[in-house]
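# Close look at the chain arrangement
Here is what each chain is made of, one letter per residue.
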Amino acid sequence: MKAYDGMFIDGAWRPAAGPDVIEVVNPADEQVIATVPAGTAEDVDAAVRAARAALPAWAATPPAERAARLAALRDRLEARRDEIAETVTAELGAPLKLSQTVHAGVPIAVAGSYAELAATYSFEEKAGNSTILHEPVGVVGAITPWNYPLHQIVAKAAPALAAGCTVVVKPAEDTPLVARLFAETVQEAGIPAGVVNLVTGLGPVAGQALAEHPGVDLLSFTGSTAVGRRIGAIATGMVKKVALELGGKSANVILPSADLARAVNVGVANVMSNSGQTCSAWTRMLVHRDHYDEAVELAAAAAAKYGDRIGPLVSAAQQQRVRGYIEKGIAEGARLVAGGPESPREKGYYVSPTVFADVTPEMTIAQEEIFGPVLSVLRYDDEEEALRIANGTVYGLAGAVWAGSEEEAAAFARRMETGQVDINGGRFNPLAPFGGYKQSGVGRELGVHGLTEYLQTKSLQF
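In the annotation of an unreviewed UniProt entry, the entry for the protein chain reads Aldehyde dehydrogenase family protein, and the organism field reads Streptomyces thermospinosisporus. Comment text from UniProt for the protein chain, heading Sequence similarities (unreviewed entry), reads "Belongs to the aldehyde dehydrogenase family."

## Some words on the sheet that holds strand 7 (residues 130-136)
Backbone-to-backbone hydrogen bonds pair the strands of a sheet. The strands run either parallel or antiparallel. Strand order in the open sheet formed by 3 strands is 6-7-23, and the pairing between neighbours is antiparallel. Both edges of this open sheet fall to strand 6 (124-127) and strand 23 (455-461), since each of them pairs with a single strand only. When strand polarity is set aside, the average angle formed by the axes of neighbouring strands in this sheet is 25°. The pairing of strand 7 with strand 23 spans 7 bridges and is antiparallel. Note that in strand 23 the partner of Thr 131 across the bridge is Leu 460.

## Here's the deal with the packing of helix 4 (residues 96-120) against helix 5 (residues 149-163)
Orientation of helix 4 relative to helix 5, taken along the N-to-C sense of each, is 5°, at an axis distance of 9 Å. Viewed along their axes, helix 4 and helix 5 adopt a mutual orientation that is roughly parallel. Between helix 4 and helix 5, the contacting residues are His 103, Val 106, Pro 107, Val 110, Ala 111, Tyr 114 and Ala 118 on the first element and Pro 149, Leu 150, His 151, Val 154, Ala 155, Ala 158, Pro 159 and Ala 162 on the second. Tallied by class, residues from the contact of helix 4 with helix 5 come to 13 nonpolar, 2 polar and no charged.

## What about the pattern of salt bridges?
By the definition in use, this model includes 19 salt bridges. Where Arg 49 meets Asp 45, a salt bridge forms, and the shortest distance between an N and an O atom there is 2.8 Å. Placement of the pair is Arg 49 and Asp 45 together in helix 1 (residues 41-60), with a separation of 4 residues, close to one helical turn. Residue classification places Arg 49 among the exposed residues on the basis of a relative accessible area of 57%. Residue classification places Asp 45 among the partly exposed residues on the basis of a relative accessible area of 24%. The partner of Glu 417 in a salt bridge is Lys 438, with the nearest N and O atoms 3.3 Å apart. With a gap of 21 residues between them, Glu 417 in the loop between helix 14 (406-413) and strand 20 (422-423) and Lys 438 in strand 21 (residues 437-438) connect regions that are remote in the sequence. When its relative accessible area of 37% is taken as the criterion, Glu 417 is described as partly exposed. Here the residues in one salt-bridge network are Arg 76, Arg 80, Glu 83, Glu 184 and Glu 188, joined through shared partners.

## Description of the packing of aromatic side chains
All told, the structure shown has 3 aromatic pairs when counted by the stated rule. Where Phe 8 meets Trp 13, the ring centres are 5.3 Å apart and the plane angle is 55°; that geometry is what we call tilted. Take Phe 8: its relative accessible area is 2%, and that puts it in the buried class. Among the residues examined, Trp 13 registers a relative accessible area of 29% and is labelled partly exposed. Arg 309 extends its terminal NZ or CZ atom over the ring of Tyr 306, reaching a point 4.3 Å from the ring centre. Positioned above the aromatic ring of Tyr 350, the side-chain terminus of Arg 345 is 4.0 Å from the ring centre.

So, how was this worked out
- Residues numbered from 1 in each chain as written.
- Predicted model: local features only at pLDDT ≥ 70, side-chain atom pairs only at ≥ 80, totals over all residues.
- Heavy atoms only, no water.
- UniProt positions renumbered as here; feature names shortened; annotations may be inferred.
- Pairing = 2+ DSSP bridges.
- Helix = DSSP H or I, 4+ residues; strand = E, 2+ residues; numbered from the N terminus.
- Axes fitted to C-alpha atoms, helices over the stretch in contact; angles between N-to-C directions.
- Parallel < 35°, antiparallel > 145°, perpendicular 65-115°, else oblique.
- Contact = heavy atoms within 4.5 Å.
- Nonpolar A, V, L, I, M, F, W, Y, C, P; charged D, E, K, R; others polar.
- Salt bridge = Lys/Arg side-chain N within 4 Å of Asp/Glu carboxyl O.
- Buried < 20%, exposed > 50% of the residue type's maximum accessible area, 1.4 Å probe, protein only.
- Phe/Tyr/Trp six-rings, centres within 6.5 Å; stacked < 30°, edge-to-face > 60°.
- Lys NZ or Arg CZ within 6 Å of the ring centre and 35° of its normal.

Shown next, in the form of structure tokens:
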């Protein structure tokens, strides 16, 4: 076990203000692999002060130079890809291949996209007799989750840096090690002291202090809707900007003309990826009554193949939470066709890939975010009913539509109340805006829309 010390503040690792530490547990074997400092309000204050002091110079740095530092950050992340992947696998439990391709690969791509945007975005524009300036909003407080620990840091820090903002990151307490590695790459990339700061700690302590700090101009939070509401209330009370990426209960709508086998197999893979710990996972599969029984059979067979291919959940608490939802599904009358609440291994926080059939829209497992490898298969009689079911939750983060043609699928997708829809298995695009409708959040991440979250507008009239 390694005991890490210090917070990354003003370009250096500085001793924590308090003696408390957080134990980092490998969820695959339940062993403590490291400790990190548990930050206090004093640590947060030091980090915010460093960010405020660094803000004028960084905001005045030409966009081309900010782009160069982001390109250097991308290169340093690439150089340490294997180390990143191994770290995520150790603290999150993701299979190493997934860590290499997604947990390490996607942040590299996102950092690269903002290096390009910083160099090409028009921070000034003309409108009649006015010059419109797009200026950095200021100091950003970034509170990030454990499910994609490096991606969520980069998805907030990279556009903030491109915009000319400075940043204080409070990573999730379950996965702080890759966040420390990120801070090291910031140093290596030559990003000036104070521009990026890192405070590890518990949400109710360090996270709360960051959210309430008067020196923070924008709060960017990714996590549960319940915590997002509290963050939003704090931001509203202090009249500061907020960006919230929250929960999801995304629908995978398979229209009658679709390639059923492909749609079901890709849909199951989507739910099982990252052990189901993905806010945008398509956890509700909607199938026409005429194809329902075949779809259920295909889904159960596909899920069975993931039994020894997915990693554990991040913690014992998360494992218990997911198992509780599975038990709730059974109690409410859903038919279990794969998996179940029993742990498939003696050690580690594993949950079996689980599929429910005969799920009705009002059931708990069809309404609430489970955040585990659990799929609900629902039937519908016509497209209007499918649309009502798809739109019939408080969430609206993502989704998918499958049909015999892209045009048919897109026509249905246009009526879905959700922020992002994949058409017939459309690929992930780091330039496309990501974010939700309804209680799935406020604002967007990634691409130019993600950049504009960190800008404010000034007009000069001539």
